[in-house]
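# Geometric and topological summary
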Amino acid sequence: MTIEEVKQIKLQDYLHSLGFSPVKQQGDNLWYKSPFRDESEASFKVNTKFNQWYDFGIGHGGNIIALASCLYSASGVSYLLHRIEEQTPHIRPVSFSFRQQFFSEPSFQSMEIRPLLSPALLDYLCGRCIDIPLAKRECVEVHFTNNGRRYFAIGFPNAAGGYEIRNRYFKGCVAPKDITHIRHKGDSVDTCYLFEGLMDYLSFLTLRQESYPEAPHFDKQDYMILNSVGNVGKALYPLGAYEHIHCFLDQDRAGMEAYRKLYREFGIKVRDSSVFYSGHEDLNEYLCHCQGKKIHRQSAIRKVPSKKNGRSI
């Protein structure tokens, strides 16, 4: 899809396909509880006349591409166009009747939590180079009904009892949205590794396991996953307990702004660990790059001529 084609999609239809519904209407404005955080009062506005949105909680707004940038914590236009295009099969024109109080009901219904076993979801994780036993340990499989249709996705629990959910075609949240804080079992530690999203966290664990397969118990830090850079404010209080905060955030504008906010709050306690994957947008892209090089090396080794008969072994 082109930029102009994407801009023709109505914001209210796009949000509805992601499971977000307005709570009230004032003239041309639809008001939502923000898709970026948990809140009791709606502070996210969509102007249906101009097809623009504005979030009063973060002081930011724009068109559908700007919305996707915040939802997916990315800035590459081609990537955002691709993510929106992936969602188009689920986008339908919608109308709202607030007198029926339909939107006070949860968007995700009949939810079931199961072990992560779906071949389709495991195949998706393999495509992202994630170690499957690790993913099964950290995640669950969520089955739910949304707008009368049945779906399933990878689920990652957050601190408020909600779930970050995603599959090959969808990324969203079963409210309430919050950070995920994983504490070290045993003695308290003074170091926390901070990640932007689930895939970054799983990518780190995969990289660490491949680097130190004989010593997976060398795990002397806590982990915090923002589940959206919009949750940085929620992370400030628990992060205050640590002496060392290593930030594995995306190397884009949103990631850098989140890092600067943390640095203003904690100073030299905060370290930008994205230098570890310099030249790559995020940890998962770096992981996939490393796996590609590994496969290439293994392929080259298999093709080394044998000294015995001059043929490839």
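Up top is the structure.
The notes below deal with the structure included here. Just so we're clear, the structure is a prediction, and the values are computed from it rather than from any experiment.

Looking now at the packing of aromatic side chains. Going through the model one piece at a time under the given rule, you end up with 20 aromatic pairs. An angle of 65 degrees between the planes, with centres 5.9 Å apart, marks the rings of phenylalanine 36 and tryptophan 53 as edge-to-face. Residue phenylalanine 36 is found in the loop between β2 (29-32) and β3 (44-47), and its partner tryptophan 53 is found in strand β4 (residues 52-55); the two are separated by 17 residues along the sequence. Phenylalanine 36 gets classed as buried once you look at its relative accessible area, which sits at 4%. On the basis of an interplanar angle of 75 degrees and a centroid distance of 4.8 Å, the ring pair of tyrosine 54 and phenylalanine 56 is categorised as edge-to-face. On the accessibility criterion, tyrosine 54 (32% relative accessible area) is partly exposed. Connected via pairs of aromatic rings, a cluster forms that spans Phe156, Tyr193, Phe195, Tyr201, Phe204, Tyr223 and Phe248. Between lysine 24 and the ring centre of tryptophan 31, over which it is positioned, the NZ or CZ distance is 5.8 Å. Arginine 83 extends its terminal NZ or CZ atom over the ring of tyrosine 72, reaching a point 4.2 Å from the ring centre.

Let us look at the packing of helix α8 (residues 232-239) against helix α9 (residues 253-266). α9 packs onto α8 with a crossing angle of 35 degrees between their chain directions and a minimal axis gap of 11 Å. Helix-helix and strand crossings are classified by hand; for α8 and α9 the assignment is right-handed. In contact with Val232, Gly233, Leu236 and Leu239 of α8, α9 contributes Ala258, Lys261, Leu262, Glu265 and Phe266. Tallied by class, residues from the contact of α8 with α9 come to six nonpolar, one polar and two charged.

What counts, and at which threshold
- Residues numbered from 1 in each chain as written.
- Predicted model: local features only at pLDDT ≥ 70, side-chain atom pairs only at ≥ 80, totals over all residues.
- Heavy atoms only, no water.
- Phe/Tyr/Trp six-rings, centres within 6.5 Å; stacked < 30°, edge-to-face > 60°.
- Helix = DSSP H or I, 4+ residues; strand = E, 2+ residues; numbered from the N terminus.
- Buried < 20%, exposed > 50% of the residue type's maximum accessible area, 1.4 Å probe, protein only.
- Lys NZ or Arg CZ within 6 Å of the ring centre and 35° of its normal.
- Axes fitted to C-alpha atoms, helices over the stretch in contact; angles between N-to-C directions.
- Left-handed = near helix turned anticlockwise from the far one by under 90°.
- Contact = heavy atoms within 4.5 Å.
- Nonpolar A, V, L, I, M, F, W, Y, C, P; charged D, E, K, R; others polar.

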